Each structure stands twice: as structure tokens, then as C-alpha cells.
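# Commentary on secondary and tertiary structure
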Amino acid sequence: MTLNCIAKELKKHSKILIFSHNRPDGDTLGSAFALKLALESMGKIADVVCPQGVPEKYKVLKFIGKVLSPGDAVGLYDCHISVDCASEMMLGDSYGLYVRNQNTINVDHHVSNERYAKMNYVEDRASCCEIIYNLISELGVCISVDIAESILLGIITDTGNFMHSNVTENTFSVASKLVAYGADSHKIAYAMFKSQKLERAKLYAHVINNMRLFEDGKIAIISVFKSDFEKFYATQDMTEGFIDFPLSVDGVEVAVSIMESRENCYKVSLRSKGKINVSEIASSFGGGGHVLASGCVICGFYEDVKEKIIRAISINF
Ligand SMILES: [Mn+2]
């Protein structure tokens, strides 16, 4: 399957529905809106659907537009295309709608992609947006500033502002072209990685101050309780990115975030610097993810949950 085939298929249809994944991030939203704008410039109708709405921090970026919920997007489209979705599961509540169309396309950058569509295009890249850039070029669309910024959003978020090990020559090459098309990389990076609400800043300071180290400093744990959210008027989605701090500490191999999601139930996130495969640890508790980033849910008393996690990690040292 080539991108040229995908472009030819898209050209055949006039009403296209673009699917972003569950709990949307910058890459799936950037891919979806760049494609929507490109298809609209060709005179087509294109909409974006997602099981959840757009998280608050993306709303300051004006090229991120309206997202339909699956119930609002039933019927009337000739073609369904998912972006940045490695599996049917990542489509969440949109899955039932996705498979209702015969013409399904899947464009993604995860090597683990399950090729669940009629046409699948998977390429190992740092972000799905790098592929979307090539797809839009295949469509022959002129890249506007909004399209360029939408693509750059996905590159910047999936690479941690060009800091992750997934960055390649292609990442910089595409990013440099987008800047040439007028994309403001500072604006996007600031909105994604610097700007924050006071409530989040206060919660962060509190959580980091209570970070604890175990196993000779190889495990760092941060914990967020429901009472913390109440105390600082903060919400659960504000904890995104908290775990980067404990992982950044020298000597730490695995960082853990234990967040109380409801009474005696904890959402556990695990990050590894590389020596430990945290996906195995998460799966031993019924969760999953990648070698370097995984998660699971563990119910029980906080102290027991913490002990279980420390034990499961330390047997790997
Ligand atoms: Mn992605």
C-alpha cells in the first residue's frame, strides 16, 4: 500500500469522516485537522469525529476546530479514515461508527498497528503527522499556514518538542518545511509545554514536593489523591506531564505516578529510562502500553498498591 493509493482513494470521495483516537492528543488532532483542511480546500466535505471533546489546552490553537461525537456523525459519509489509531480499541466509542462504512482507511505511525481497515498505511515515524504531510503532498494541496501548524502540532507533541529518542532526520526535515510554510513553532511549543493554569502549577508543586524514592533511588513515586484535586481546585487531566519530573532525576530508572481515580482505586502510570520494560509490569496488573510508557489500574488501599508496584518493579533490577 502506498500513500499515492490512499490519496487516489480519498480523491474518489466527496464526504469524508476523519477519526481521532480515544483521549485525543496533539498528534491525532493535528493529523485530523490538517487532513480536514486539505480535503476542504479540494472542495470536499470533511469532518472530524472523536469519542471525547478537544482538551482545553488545544483550544487556544485556532486551527483545531469542531470535533463531532460519534452519535452526531452517523451516516452521510462516503469514506472513513482513522489517523494515529494503532488498534480498533483506540477508536473507543467511535469504533461502531467506523466499521459501518465499507470504505475504511487507516493511516498510522505505530509499528504495532493492527491493520484493521480495508486500506492500511503504516510507516514507522516519530509522529503520524509526518505521514500526513506526505499524504497532503500526494493530494496536491497547497499547504496553508493552518495546515502547516496543524501538522507541526503533532510533530511537536509526539516528540516532546524534539526531545524524545524517536526524532529522526525526517522529523526535522518535515518540520523545517512547515516553518517555511509559515508555521509558528514557538507558539505551539509554548501552548503545549509552558503555558499552564495556576491550579495546575499549585498541584504540581505539591505533588513533586511529596515525591518519594525507593530501591536506592532507582524508583521514584509521585502520588495524587482526590483530596489534592479538591484542595487546589484542579482536575485529573491537569496531571498530564507530571511523571516527566520524577523520571528526570539522575539514578531513577522507573518513575511511577499513582493517581486516586475513585475511592480505593488507583490509576498507575509507569515510565522507564530504558533498562526496565514497564509494559511487562503493567500487564502483570491487567494493564498495558509500551516498553517505556505503560499504565494499569490497581484497586486497594494506597499503601498496598504502592508496595505491590515497588515489588513488581524491583524484581527486574
Ligand atoms: Mn502519535
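Residues numbered from 1 in each chain as written. Predicted model: local features only at pLDDT ≥ 70, side-chain atom pairs only at ≥ 80, totals over all residues. Heavy atoms only, no water.

Quick look at the overall build of the protein now. The helix and strand tally for the protein stands at twelve helices and twelve strands. Relative to its length of 317 residues, the protein is compact, with a C-alpha radius of gyration of 20 Å against a globular reference of 20 Å. Taking the principal axes of its C-alpha atoms as reference, the protein extends roughly 60 × 40 × 35 Å. Of the contacts formed within the protein by residues at least 6 apart in sequence, a portion of 64% connects residues at least 24 apart. Carbon and sulfur atoms form 51% of the exposed surface of the protein, whose accessible area is close to 15,000 Å². Considering the protein, the positive charge centre built from 33 side chains and the negative charge centre built from 38 side chains are found 2 Å apart. (Helix = DSSP H or I, 4+ residues; strand = E, 2+ residues; numbered from the N terminus. Rg over C-alpha atoms; globule rule 2.2 N^0.38 Å. Contact = heavy atoms within 4.5 Å. Areas by Shrake-Rupley, 256 points an atom, 1.4 Å probe, with all protein chains shown as cover. Lys, Arg positive; Asp, Glu negative; His and termini not counted. Charge placed at Lys NZ, Arg CZ, Asp CG, Glu CD.)

Here we take up the sheet that holds strand β2 (residues 45-49). Spatially, six strands are ordered β3-β2-β1-β4-β5-β6 in an open sheet, and the strand pairing comes out parallel. Strands with a single pairing partner mark the edges of an open sheet, and in this sheet they are β3 (67-68) and β6 (119-122). In this sheet, β3 lies alongside β2 in parallel orientation, the contact comprising two bridges. The partner of V48 across the bridge, within β3, is V67. The sheet strands contacting helix α1 (residues 3-12) are β1 (15-19), β4 (79-83), β5 (104-108) and β6, and the helix crosses β6 at an angle near 135°. Taken strand by strand, helix α4 (residues 128-139) contacts β4, β5 and β6, and its axis lies near 120° from that of β5. (Pairing = 2+ DSSP bridges. Axes fitted to C-alpha atoms, helices over the stretch in contact; angles between N-to-C directions.)

What follows concerns the domain arrangement of the protein. The extent of an interface is frequently quoted as the accessible surface area lost upon association of the parts. On domain assignment, one finds that the protein holds domain 1 (3-193) and domain 2 (198-314). With centres defined by C-alpha atoms, the gap from domain 1 to domain 2 works out at 30 Å. (Domains from an automatic or database assignment.)

Every α-helix winds through 3.6 residues per turn, so residues three or four apart in the chain are directed the same way. Taking 1.5 Å per residue, 14 residues should reach 20 Å; helix α5 (residues 145-158) reaches 20 Å between its end C-alpha atoms and fits that length. The element α5 is largely enclosed, with a buried count of twelve among its 14 residues. Those residues of α5 lying buried are I147, A148, E149, S150, I151, L152, L153, G154, I155, I156, T157 and D158. Residues of α5 that are buried sit in contact with α2 (26-41), α4, α6 (169-180) and α7 (185-193). Within two residues after α5, G160 carries a phi angle of roughly 55°, on the positive side. (Expected span 1.5 Å × (residues − 1). Buried < 20%, exposed > 50% of the residue type's maximum accessible area, 1.4 Å probe, protein only.)

Below, the discussion takes up the environment of S227. With respect to the helices, strands and loops of the structure, S227 is situated in helix α9 (residues 226-232). By relative accessible area, which is 45% here, S227 ends up partly exposed. In this structure, the C-alpha to C-alpha distance between S227 and V122, residues 105 residues apart in sequence, is 43 Å.

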